[in-house]
Every structure is written in structure tokens, then in C-alpha cells.
Amino acid sequence: MKRADALKQFAKEHAAALQAYEKAFWNHLFAQRDMLLKAVRTGFAELAVRAAEQKKQCQYIYCFFLRQDMCGRAYKVYAQAVDENYVVDRSPAEVVIDLAFLFEDVEALWADLLEKRRKYVWKVNEYDVNAMFFETIARCHWKIAFLLRFLFRETRNQIEIRKVINSPRRIVRWGEYRDRGEIIFMCHDNAPRGKLRGDLLLSYRIPHVLRAAYYDGETEHKPDCRSRNFRYTVFRNCTFQETVFDNCDFTGCFFCRCSFAGCRFQKTTMHLVRFTNCRHVDTDWEAADFYGVLCENTELTGLTQVQKESVVCGEEEFHEAVFFYESGQKASGRPLPAGL
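Just so you know, these numbers come straight off a predicted model, no measurement behind them. (Residues numbered from 1 in each chain as written. Predicted model: local features only at pLDDT ≥ 70, side-chain atom pairs only at ≥ 80, totals over all residues. Heavy atoms only, no water.)

So, about the pattern of salt bridges. This structure, assessed with the given rule, holds 27 salt bridges. Each of the salt bridges in this network shares a partner with another, and the network as a whole consists of Glu 154, Arg 156, Arg 274, Glu 296 and Glu 315. (Salt bridge = Lys/Arg side-chain N within 4 Å of Asp/Glu carboxyl O.)

If you look at the biggest cluster of nonpolar residues, it comprises 89 residues, and the most contacted ones within it are Phe 44, Leu 99, Phe 103, Trp 110, Ile 144 and Trp 174. With 14 residues, the top contributor of residues to this core is helix H5 (residues 126-151). Setting aside chain neighbours within four positions, we find Trp 110 in contact with Met 70, Arg 73, Tyr 75, Val 129, Asn 130, Phe 133, Phe 134 and Ile 137. (Core = buried A, V, L, I, M, F, W, Y, C linked by side-chain atoms within 4.5 Å. Buried < 20%, exposed > 50% of the residue type's maximum accessible area, 1.4 Å probe, protein only. Helix = DSSP H or I, 4+ residues; strand = E, 2+ residues; numbered from the N terminus. Contact = heavy atoms within 4.5 Å.)

Turning our attention to the packing of aromatic side chains. Taken as a whole and judged by the stated rule, the model has 37 aromatic pairs. Pairing Tyr 75 with Phe 103 gives two aromatic rings, centres 5.0 Å apart and planes at 20°, and the pair type is stacked. Placement of Tyr 75 in the loop between helix H3 (67-71) and strand E2 (76-82) and of Phe 103 in the loop between strand E3 (93-98) and helix H4 (106-116) is noted, with a sequence separation of 28 residues between them. Taken together, the ring pairs connect Tyr 215, Phe 230, Phe 235, Phe 240, Phe 245, Phe 250, Phe 255, Phe 260, Phe 265, Phe 275, Trp 285 and Phe 290 into an aromatic cluster. Residue placement shows Arg 149 over the ring face of Tyr 232; its charged tip is 4.0 Å from the ring centre. (Phe/Tyr/Trp six-rings, centres within 6.5 Å; stacked < 30°, edge-to-face > 60°. Lys NZ or Arg CZ within 6 Å of the ring centre and 35° of its normal.)

Here the focus is the packing of helix H1 (residues 3-31) against H4. The interhelical angle for the contact between H1 and H4, taken along N-to-C directions, is 175°, at an axis separation of 11 Å. By the angle class used here, H1 and H4 are roughly antiparallel. For the pair H1 and H4, the contacting residues are Phe 10, His 14, Ala 17, Leu 18 and Tyr 21 in the first and Val 106, Leu 109, Leu 113 and Lys 116 in the second. Residues of the contact of H1 with H4, tallied by class, amount to seven nonpolar, one polar and one charged. (Axes fitted to C-alpha atoms, helices over the stretch in contact; angles between N-to-C directions. Parallel < 35°, antiparallel > 145°, perpendicular 65-115°, else oblique. Nonpolar A, V, L, I, M, F, W, Y, C, P; charged D, E, K, R; others polar.)

Once that is clear, we can look at the side chain of Arg 149. Inspection of the secondary structure puts Arg 149 in helix H5. Here Ile 183 takes part through its backbone oxygen, which lies 3.4 Å from a polar atom of the side chain of Arg 149. Contacts of Arg 149, omitting those with residues within four sequence positions, involve Glu 182, Ile 183, Ile 184, Arg 211 and Tyr 232. (Polar contact = N/O pair within 3.5 Å; in protein donor to acceptor, adjacent residues only side chain to side chain.)

For the rest of this paragraph, the subject is the side chain of Arg 117. Position of Arg 117 relative to the elements: it lies in the loop between H4 and H5. No salt bridge is formed by the buried Arg 117; the nearest opposite charge belongs to Glu 126, separated by 5.1 Å. (Lys, Arg positive; Asp, Glu negative; His and termini not counted.)

Okay, here's the thing in C-alpha cells:
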């Protein structure tokens, strides 16, 4: 058997075990979300002290992990406070956040696969097994980022971010290396008006510009917003009149004190969307795909029975929807597994 064939066969034999670990990791992560949040907030608090000692004008917090640490079985994240230069900031304030408590169960599986690769003699080596685990753990980090997006929506969880970043615009990114991360938190106290219109035009060339964005005080009348990716974007104090949002993706969006009059959301994706103190008048939800939509002091009219069944009440049901969504079990009304 050639080495390439041996690698392919080995990966196929153990794919199910790695997938099972990822699923179990999400269950464990969700159960330990309070510990995760505490660890990250404690790290950010320490980062604020170090940034102050360096008299640094921070605009971003970037959290990243390194594969070389995994070789030593160290499961940690580096949190850096960087200035406006971002990726070329040569003197960032930095702290290390230990997340080993989330990866306690990976060691046994890692050792098991290292032992089982021996039957392939020299065709599957230790580095091949490590590479498989690097990819698996990297996907686990994206699950962490997915969860933190929702946890940081709560104002009480943003205190340390504000201490690190004392500018009006605050951005937190999470990923592997600075240029391979995703925004998990954005806030702008003095967001420029009219930014949404400019971004809508820019999105024809750069589709992701609307993703994980932040808009405050926008007023739009009859703009063409069809087929846009608004995933994880925050809208505050915005007014939309006769706006067409057909075929848009609003997964993970947060609308706060927004007004909609005569707007159309046909065939939109409305997964894990949160409306707080919003007003809808003559909104068209035809064929919109609802799941885990939280309405706080907001009434959505004109929904079908299926859409109504996907509207959740309160934080607990919303967190339940987040859990089942990431676990691949889109089902409302299901109880959380024991211990979660």
C-alpha cells in the first residue's frame, strides 16, 4: 500500500471518532460556557492592565491559538490588544488565556490514534496523526467563537472589553493568526450615519463587508438589500421603510430599537435572530425560514404557524436554540441534555 493510500484509509477509519469528539466537545463547551466566559473576561481584565502600563491606544482585541502549542498539548489562546496598525502592530499588549479545561477529553483519543497508526508501519506517522488533531481542534475553536458571539451580546459581559479599548469603536476577533480570524464582537458608540448605504454598494464587490458589522441610527427608504449576507450583524436605532430584504441571511443578527414599515423579508434566513424593543408594521415574511427567533417587547405579525413555532420566549429558550443549532439538531421545544 502506498503512503497516500494508507493515509486516506487511516483517516477514513477514524473519521467517525473525530466527529464524535467534536460533537461531545460542543456539549462540554456549552455546559462550561460560564467557565469559558469567566476565563476570557479574566484574561481581558489582565490585558487592560498591561495595555494601560504600555500606555497603548487600543482599537482591537485579537485572540488566536497556535498549532505549535498543541504539539506540547497546551490548549491556550493569546489575547493581544493592538492599535490602529492591527496586523503590523509590533508591540501589542498580550496575555495568555488557558482553555485546557475545555480539552480534557482529547488526550485519550489522541493517544489511541497514535497507537493505532502503528499497524501502517512507516506510512502513517506521528505527524500525520497530529495534523488530523490540529484540524479537529481548530474546528473546536470556531465553536468557541460561535458561542462567544452570543455571550458578548450581553452588556454585562462587555465591561472588560471597554476597559481594554477606550475608543468609540471596539472590535474583538478570534481565530488562527491575526489575518485568519473572525469578528465575534463589534460596537461603535459614534457609528457614522449612512454607513449602511455605502456598505450595500460596496457589497457588490466585497460580499462579506455586511457580515458581523455594526449599524446605529441608519434610516433607509426603499434601498435594494436583496441577497445580502448580514450574518451576526448588529442594528441599533435603525429605521427601514419599504425595504426589500428578500433572500438575505440574518443568522445571529441583533436588532435593538429598530422600526420596520412595509418591509419585505421573503425567503430570508432568520436563524437565532434577536429583536429587542422593535416595531414592525405590514412586514412580509413569506417563505422566511425561522429558527430560534427571540422577541423581547417586539411583536411579529403575519407569521405562519410554522414560523410562530420557531419564535422563542426568554433567554433560556434562546440559549437552547443556540445549542441545538450548532449541534446540528434544529428543533425547537426540545429539552437540553442533562447537565447543560
